[in-house]
Amino acid sequence: VEYGELQKGRDTFFEALTIDPNNPAFAAEIAATYQVQAAYEEAEEWFQVAVDFSGNDFRFVLLLAQFYVDAEYEVDPKGLRVAEQLVDADPQSAAAWDVLGWALFLTGDVEGAEEALATAIELGPGLARAHAHYGTVLARQGKTDLARAEFERAMQLDPFGPWGAFASRSLSLLD
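Keep in mind that this is a model prediction, so the values were computed, not measured.

About the thresholds
- Residues numbered from 1 in each chain as written.
- Predicted model: local features only at pLDDT ≥ 70, side-chain atom pairs only at ≥ 80, totals over all residues.
- Heavy atoms only, no water.
- Axes fitted to C-alpha atoms, helices over the stretch in contact; angles between N-to-C directions.
- Helix = DSSP H or I, 4+ residues; strand = E, 2+ residues; numbered from the N terminus.
- Left-handed = near helix turned anticlockwise from the far one by under 90°.
- Contact = heavy atoms within 4.5 Å.
- Nonpolar A, V, L, I, M, F, W, Y, C, P; charged D, E, K, R; others polar.
- Salt bridge = Lys/Arg side-chain N within 4 Å of Asp/Glu carboxyl O.
- Buried < 20%, exposed > 50% of the residue type's maximum accessible area, 1.4 Å probe, protein only.

1. Points about the packing of helix α4 (residues 58–71) against helix α5 (residues 75–89)
- Remark: α4 packs on α5, axes separated minimally by 9 Å, with the N-to-C direction vectors making an angle of 145°. Crossing geometry of α4 relative to α5 is assigned as left-handed. On α5, the residues that touch Phe58, Val61, Leu62, Leu64, Ala65, Tyr68 and Val69 of α4 are Val75, Lys78, Gly79, Val82, Ala83, Leu86 and Ala89.
- In terms of residue class, the contact of α4 with α5 is made up of 12 nonpolar, 1 polar and 1 charged.

Structure (structure tokens):
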């Protein structure tokens, strides 16, 4: 399958499910193809299938929560509820605190978002996603110098990835 051929990729994962019918990774990959196409109802359904197939494995629940906040789809109440469950399940997970922080931000709780994202960075200082999100929250609060530092850190941690690009775009908006 060539890059960008989502339907062929999805078909391949559907075929793989016929061979290994309860594989959560295949269901998550199917979900991701729908997410890229902004077919959010289908993506949500398949991320939930992945969670079910995995027996509620933390990693697949995290993918579901990240889907809600990244797509800005059903963040309130579904995404927020799943993010809270993640933090309850593993309060030492930087990724869980990051998704909770971003869900709080998207639902208008900027102060709660700042606290959750600060916790995410404390637990996982190498998590570029958390630095990019934290920078956005700080920028919203007018804390420009602190936001700039967070965006620069995200760019250092993920120079060629999506969070470095997010931070770079955000940094350019500060100037």
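The structure having been displayed, the exposition proceeds.
2. Remarks on the pattern of salt bridges
- One pass over the full model with this rule turns up 7 salt bridges.
- Lys143 is the salt-bridge partner of Glu114, the closest N and O atoms lying 3.1 Å from each other. Of this pair, Glu114 sits in helix α7 (residues 110–123) while Lys143 sits in the loop between α8 (128–140) and α9 (144–157); the two residues are 29 residues apart in sequence, bridging distant segments of the chain.
- The exposure class of Glu114 is buried, given its relative accessible area of 18%.
- The salt bridge involving Arg148 is made with Asp145; its shortest N-O contact spans 3.6 Å. Note that Arg148 and Asp145 are positioned in helix α9 at a spacing of 3 residues, about one turn of the helix.
- Of the residues examined, Arg148 reaches a relative accessible area of 23% and is grouped as partly exposed.
- Each of Asp70, Asp98 and Arg129 takes part in a single network of salt bridges with overlapping partners.

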